[in-house]
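These are the residues of each chain, in order.
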Amino acid sequence: MPERRVRKRLVTVAGLILVLAVVIAGCADDSSSPPRGLVIGSSDEPAMRVMAEVYAGALRNSGSVVSGDQLRGDAPVLLDEMDRAELDLFPAFTGDLLTMLSPSSTAIGAEDVYRDLNSSLPQGVSVGDETPVSAAPQIFVSTTLAGDVGATGLDDCARLPSGLPVVATAEPDEITVRAFADAGCVFGPVEVAATSEEVLERVAGGTAVGLLTPLEIAGEDADGASSEVQALRTAPGAGDTAEGPDARAAGAEPTRAEQADQSGPRAEVLVPVFRSAALNRDQVKAMNKVAGEITTADLATMAADVETGADPRDVALAWLGEHGL
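None of these values were measured; they are calculated from a predicted model.

Engineer: Account for the nonpolar core, with residues named and values stated.
Structural biologist: Counting 38 residues, the largest nonpolar core has Val290 and Leu299 as its most contacted members. At the level of elements, strand 1 (38-42), helix 2 (46-61), strand 3 (89-93), strand 10 (270-275), helix 11 (281-291), helix 12 (296-307) and helix 13 (312-322) are the ones that each hand at least two residues to this core. Not counting residues up to four positions away in its chain, the partners in contact with Val290 are Met51, Val54, Tyr55, Ala58, Trp319 and Leu325. Val141, Leu145, Ala151 and Ala183 belong to the second largest nonpolar core, which has 17 residues in total.

Engineer: Please set out the pairing of strand 2 (residues 66-72) residue by residue, giving values where relevant.
Structural biologist: Here strand 1 runs beside strand 2; their pairing, made up of four bridges, is parallel. Within the sheet, the bridge partner assigned to Leu38 lies in strand 2 and is Val66. Once the chain exits strand 1 it traverses helix 2 before rejoining the sheet at strand 2, and the crossover so formed is right-handed.

Engineer: Give me helix 7 (residues 174-182): which residues, what numbers.
Structural biologist: The complete set of buried residues in helix 7 reads Thr176, Ala179 and Phe180. Angularly, the buried residues of helix 7 cover 95 degrees about the axis, an arc narrow enough to put them on a single face. Set apart from the buried face of helix 7 by more than 90 degrees, the exposed residues are Glu174 and Asp182. Each element contacted by the buried residues of helix 7 is listed here: strand 5 (138-142) and strand 8 (209-212). Sitting at the amino-terminal end of helix 7 is Asp173, which places a side-chain oxygen 3.1 Å from the backbone nitrogen of Ile175.

Engineer: Describe the sheet that holds strand 7 (residues 187-192), listing the residues and the values that go with them.
Structural biologist: One open sheet accounts for five strands, arranged 7-6-8-5-9; its pairing is mixed. Strand pairing shows two members of the sheet lacking a second neighbour, strand 7 and strand 9 (229-231), which therefore form its edges. Between one strand axis and the next, the sheet turns through 30 degrees on average, direction left out of account. Set on the sheet, helix 8 (residues 196-204) makes contact with strand 5, strand 6 (164-168), strand 7, strand 8 and strand 9; between it and strand 8 the angle comes to about 155 degrees.

Engineer: Tell me about the packing of helix 12 against helix 13, and name the residues and values.
Structural biologist: Here helix 12 crosses helix 13 at 150 degrees, and the two axes come no closer than 9 Å. Regarding the angle of helix 12 to helix 13, the classification is roughly antiparallel. Like other packed secondary-structure pairs, helix 12 and helix 13 cross with a definite hand, here right-handed. Counting all contacts with helix 12, which are made through Asp298, Met302, Asp305 and Val306, the residues of helix 13 involved are Pro312, Val315 and Trp319. For the contact of helix 12 with helix 13, the per-class residue count stands at five nonpolar, no polar and two charged.

Engineer: Any details on helix 8? Residues and values, ideally.
Structural biologist: Note: α-helices contain 3.6 residues per turn, so residues at a spacing of three or four share the same orientation. Along helix 8, the residues that are buried comprise Ser196, Val199, Leu200 and Val203. Axial view of helix 8: buried residues confined to an arc of 95 degrees, hence all on one face. Buried residues along helix 8 sit in contact with strand 5, strand 6, strand 8, helix 9 (214-217) and strand 9. Following helix 8 by one or two positions, Gly206 has its phi on the positive side, about 85 degrees.

Engineer: Break down the environment of Tyr55 for me, citing the residues and quoting the values.
Structural biologist: When you line up the elements, Tyr55 lands in helix 2. The exposure class of Tyr55 is buried, given its relative accessible area of 1%. In sequence terms Tyr55 and Asn288 are 233 residues apart; their C-alpha atoms lie 9.1 Å from each other.

Engineer: Describe the state of the cysteines, naming the residues involved and giving the relevant values.
Structural biologist: By definition, a disulfide is the covalent link that joins the sulfur atoms of two cysteine residues. Counted according to the given criterion, the structure contains one disulfide. Across the disulfide from Cys157 sits Cys185; the S-S distance is 2.0 Å. Between Cys157 and Cys185 the sulfur-sulfur dihedral comes to about 120 degrees; the bridge is accordingly right-handed. Taken as a pair, Cys157 in the loop between helix 6 (143-149) and strand 6 and Cys185 in the loop between helix 7 and strand 7 lie far apart in primary sequence, 28 residues in all.

What counts and what doesn't
Residues numbered from 1 in each chain as written. Predicted model: local features only at pLDDT ≥ 70, side-chain atom pairs only at ≥ 80, totals over all residues. Heavy atoms only, no water. Core = buried A, V, L, I, M, F, W, Y, C linked by side-chain atoms within 4.5 Å. Buried < 20%, exposed > 50% of the residue type's maximum accessible area, 1.4 Å probe, protein only. Helix = DSSP H or I, 4+ residues; strand = E, 2+ residues; numbered from the N terminus. Contact = heavy atoms within 4.5 Å. Pairing = 2+ DSSP bridges. Right-handed = clockwise from strand over helix to strand, strands pointing away. Arc of directions from axis to C-beta. Polar contact = N/O pair within 3.5 Å; in protein donor to acceptor, adjacent residues only side chain to side chain. Axes fitted to C-alpha atoms, helices over the stretch in contact; angles between N-to-C directions. Parallel < 35°, antiparallel > 145°, perpendicular 65-115°, else oblique. Left-handed = near helix turned anticlockwise from the far one by under 90°. Nonpolar A, V, L, I, M, F, W, Y, C, P; charged D, E, K, R; others polar. Disulfide = S-S within 2.5 Å.

Below, the structure is given as structure tokens:
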């Protein structure tokens, strides 16, 4: 009788162990729970929203699982989410990030800004390849005025009549104003216009200078006025792009003298910012392929579509399809 009870207890204990093992195994390998997927984020700006969808689509098309939801916020918020492992990637401009992370940095040119940014990023955060997309503010003047005073670059800014009003689509920040003043520009008050086209029209008359970014003037609507205005070139990498009205030839390399003599606003080059542990090598390659295809004009056109009501994902998918990504 005692032996039979012992056997019964052993059978019961063995059964409980088997059930517990099955439960634990089920929790460890629950095939019904879908993978989380990469989480992409961006600011609320149309250009950043559509760029986030471009990166998301490129990753999906290369076989990655990407969450359908996106996080929204400025750079500090997005970096905080990345620190909590709630966000994996977001697009940003190098100069903005560097100014936030390392206010004491004196880097101006694109190469120097990229280098300093890499050393200033929080641990576990990386940036991918730079795109050709630039958002560094530039001074635009009428071609007639530039010819009269012999101004071609920002170093010639002091040759312009002092006190000319600055027309822009938004009030420039103090850092930008100071950068142009340090370059020798002596401007009058700032006037805000509704669109970049209005800025260019004012500039073409020769009674004002314009303050615009390559991203603002690269869209199709600005093409008509570009022959009457020109940008005061900054050092290569600090604002000029091949898509601008007065840019140097595509593919031209800056000289050593040009690289050493960089002035004006800090370079603002579009890059993907990502959580290092979240992306493998193939995913980084897929993301960096975007850098080889996207242009300032592309992003300006897509952002304009989003501003007029188009869905950012649809716009991004159309662009990816056109470029085989």
